[in-house]
Amino acid sequence: MSEPFSVRVTVRGYETDTQGHLNQSVYLNYAEHARWSLLQAAGISQARLVGRGVGPVALETTIRFRRELLAGDEVEVTCEFEWGGGRTFRILQHIRKTDGTLAAEVSAVGGLLDLEERKLVADPREVFKELTTDLALFGL
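By the naming in an unreviewed UniProt entry, the protein chain goes by Thioesterase and is assigned to Streptomyces incarnatus.

See below:
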């Protein structure tokens, strides 16, 4: 199996709290940035999604904080899709310092919303297969 998709992010000073470590909500921003970066790398823009009549939705997100991050730290944010059956999928993400230290684990359940019917599409995997230029990025 190949390495998961990842993006590099540098922790900016304005993202830290009064203790000097990365504010908890920013971890979600980093995870979201990695997910949209994966879609872009797979040839899927927001315009393509809307043109197809779908949009990604977050249904559940869990963050496990492991180590603090400080201003100036560089991290790699990974993104891996995990498929089951049905209308949803899971995205597993790790936020690691460049020395390999695990700072956080993010697990999200998502789906693709049919923008007209306002319901989850029956098989999001098939929609991603239709839209992507790189099936491997989705673990397909």
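S.K.: Now, about helix 3 (residues 124–131): what can you tell me, with residues and values included?
M.R.: Those residues of helix 3 lying buried are Pro124, Val127, Phe128 and Leu131. On an axial view of helix 3, the arc spanned by its buried residues comes to 100°, and they lie on one face. Structurally, helix 3 contributes buried residues whose contacts are with helix 1 (24–41), helix 2 (46–52), strand 2 (54–65), strand 3 (74–83), strand 4 (88–97) and strand 5 (102–114).

S.K.: Could you give me a rundown of the pairing of strand 5, with the residues and numbers involved?
M.R.: With 11 of its 13 residues buried, strand 5 lies for the most part within the structure. Sheet topology note: the strand 2/strand 5 ladder contains 11 bridges and is antiparallel. Counted as the bridge partner of Arg64 is Glu105 from strand 5. Pairing between strand 4 and strand 5: nine bridges, direction antiparallel. Paired with Arg96 across the bridge in strand 5 is Leu102.

S.K.: Tell me what's going on with the pattern of salt bridges, and back it up with residues and numbers.
M.R.: This model, assessed by the stated rule, comprises eight salt bridges. Bridged by salt links that share partners, the residues Arg8, Glu74 and Glu76 form one connected network.

S.K.: Could you give me a rundown of the nonpolar core, with the residues and numbers involved?
M.R.: Membership of the largest hydrophobic core comes to 35 residues, with the highest contact counts inside it found for Tyr30, Leu69, Val77, Phe81, Ile95, Phe128 and Phe138. Those elements that provide at least two residues to this core are strand 1 (5–10), helix 1, strand 3, strand 4, strand 5 and helix 3. Tallying contributions element by element places helix 1 first for this core, with seven residues. Beyond its immediate stretch of four places on either side in the chain, Tyr30 contacts Val9, Thr10, Val11, Arg12, Glu15, Leu22, Val75, Val77 and Ile95.

Conventions and cut-offs
- Residues numbered from 1 in each chain as written.
- Predicted model: local features only at pLDDT ≥ 70, side-chain atom pairs only at ≥ 80, totals over all residues.
- Heavy atoms only, no water.
- Buried < 20%, exposed > 50% of the residue type's maximum accessible area, 1.4 Å probe, protein only.
- Helix = DSSP H or I, 4+ residues; strand = E, 2+ residues; numbered from the N terminus.
- Arc of directions from axis to C-beta.
- Contact = heavy atoms within 4.5 Å.
- Pairing = 2+ DSSP bridges.
- Salt bridge = Lys/Arg side-chain N within 4 Å of Asp/Glu carboxyl O.
- Core = buried A, V, L, I, M, F, W, Y, C linked by side-chain atoms within 4.5 Å.

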